[in-house]
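Architecture and fold: a report
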Amino acid sequence: SIPNFICQELFIWLFEVVLHVNSSVSYILSPICSLPIMFFIIRFLVKPFKKKANLSKVTTIFCDIDGTLIDSNSKLNKDTISAVKRIKDKYPFYLISGRHFACMCEIYDTLELNTPIICCNGALIASRNKEIINIQAMPTYIAKEIFNDYKDENLSLSIFAGFEWYVNNRNELTLIQDDSLIDNVIKVMLISSKENIDKLYPILKNKYREVLVMHSKPTFIEISAKKVTKGNAIKFLKKQYNLKSQNLIAFGDGIMDESMYKECSNNVAMGNAREETKKKANIIAKTNDELGVKVILDQLK
């Protein structure tokens, strides 16, 4: 407020004394001319308040998988497994990932968890025995359009429909031959070269404004219902289980994890995280290859 007042007074002086502008006009022009200066001050000079982490208050843990819990070779280290097993009964440990339900179960079982699984960036929350707790499906016609438009392109196209996973190329998953099976879709994912994805992203984002189109990784595009984020999944569970922000800790490494930080007071960015993600966290851990999650968990008594 002080620089804003000073800035406007200076412009009034400039207009009236130096340029001899009518006083009524100068009072209109001064706040308009002050806007870009105030924007610069707020955007670049005033640092946003960042809450300090307090691990002593943590009671519940939300942890991303890829780039966070597992290493760069997609392996789950035995020391990390031991650390999670040590604390999981005292501190409920939630896996929260962009992965499909089926791709989270092996890690979930290895860690011997008993919490709900949060998959597809929060579009589906379900128990291990597939009891749905919350699901947010995207419009089916969009999934069908994308399937029909890109099924024959040189890219990997995945459609996650509830607990099912359909693909456009034959592998161990279910091959889509027509769009009759596409229903109750929680996520569409396209994987290709960075060049292809960079071209495809603005096309899909502009065409399908009623859904969330995310350029989540250089070679990934993920599409889901508009309100699907990991943060909104945590918000839902906070209401369900009466969880408080100051008691929550979130581990992540990328853009899809940043929404978690708005719902948790203790926010961990891995040492390998993107720089923008690190700026939004209040704890910077070691990298996923250096067992960053384990190091933080070891601080919980």
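In this report, we go over the structure that sits alongside the text. Along every chain, residues carry numbers that run from 1 in the direction the sequence is written. Selection of residues for local features in this predicted model requires a pLDDT of at least 70, selection of side-chain atom pairs for listing and counting requires 80 or more, and totals for whole chains, interfaces and linings are taken over all residues. Heavy atoms from the whole structure form the basis of all side-chain values; hydrogens and water molecules are not counted.

1. Remarks on the pairing of strand β7 (residues 164–167)
Side-chain direction in a regular strand flips from residue to residue, so the side chains alternate between the two faces of the sheet. Put simply, the test is: Pairing between strands is defined by DSSP: at least two bridges between them are needed. Numbering of helices and strands runs from the N terminus, with a helix taken as a DSSP run of H or I at least four residues long and a strand as a DSSP run of E at least two residues long.
Taken together, the 4 bridges between strand β6 (residues 156–161) and β7 define a ladder with antiparallel strand orientation. Across the sheet, the residue bridging to Ala161 is Glu164, located in β7. Hairpin geometry of β6 and β7 is characterised by an intervening segment of 2 residues between the two adjacent antiparallel strands and by a positive phi of about 60° at Gly162.

2. Here's the deal with the packing of helix α6 (residues 140–150) against helix α7 (residues 194–207)
Our working definition: Lines are fitted to the C-alpha atoms to define the axes, a helix being fitted only along its stretch in contact, and any angle between axes, read from their N-to-C directions, falls within 0 to 180 degrees. Crossing handedness is defined as follows: a turn of the near helix away from the far one that is anticlockwise and smaller than a right angle gives a left-handed crossing, while the clockwise case is right-handed. It only takes one pair of heavy atoms within 4.5 Å for two residues to be counted as in contact. Residues are sorted three ways: Asp, Glu, Lys and Arg are charged, Ala, Val, Leu, Ile, Met, Phe, Trp, Tyr, Cys and Pro are nonpolar, and all the rest, Gly among them, are polar.
Closest axis-to-axis distance for the α6/α7 pair is 13 Å, and the angle between their directions is 145°. Taken as a pair, α6 and α7 cross one another with a handedness that is right-handed. Along the contact surface, α6 presents Glu145, Asp149 and Tyr150, while α7 presents Leu200, Ile203, Leu204 and Lys207. For the contact of α6 with α7, a count of residues per class yields 4 nonpolar, no polar and 3 charged.

3. As for helix α4 (residues 78–87)
Residues three or four positions apart in an α-helix share a direction because the helix packs 3.6 residues into each turn. The criterion, for reference: Only protein chains enter the area calculation, which uses a 1.4 Å probe; residues under 20% of their type maximum are buried, those over 50% are exposed, and those in between are partly exposed. In this description, one arc is meant: the one made by directions from the helix axis to the C-beta atoms. The definition of a polar contact used here is a pair of N or O atoms within 3.5 Å, where within protein one atom must be able to donate a hydrogen and the other to accept one, and adjacent residues in sequence count solely through side-chain atom pairs.
For α4, every residue scored as buried is listed here: Thr80, Ile81, Ala83, Val84 and Ile87. What you see down the axis of α4 is that its buried residues fit within an arc of 165°, all on one side. Where α4 begins, the capping side chain belongs to Asn77, and its oxygen is found 2.7 Å from the backbone nitrogen of Asp79.

4. Some thoughts on the environment of Leu291
Checked against the element boundaries, Leu291 lands in the loop between β14 (283–284) and α10 (292–297). Counting along the chain gives 212 residues from Leu291 to Asp79, while the straight-line C-alpha distance between them is 8.1 Å. Those residues in contact with Leu291, other than ones at most four positions away along the chain, are Asn77, Asp79 and Thr80.

5. Structural notes on the nonpolar core
Formally: By nonpolar core we mean a set of buried residues, namely Ala, Val, Leu, Ile, Met, Phe, Trp, Tyr and Cys, connected to one another through side-chain atoms within 4.5 Å.
Counting 70 residues, the largest nonpolar core has Phe93 and Leu190 as the members making the most contacts within it. Here the element with the most residues in this core is helix α5 (residues 101–111); it accounts for 6 residues. Ignoring sequence-local partners within four residues, the contact set of Leu190 consists of Ile146, Tyr150, Leu155, Ser156, Leu157, Ile197, Leu200, Leu204, Thr219, Phe220, Ile221 and Ile223. Ranked by size, the runner-up nonpolar core spans 17 residues in total, among them Ile96, Leu248, Met260 and Cys264.

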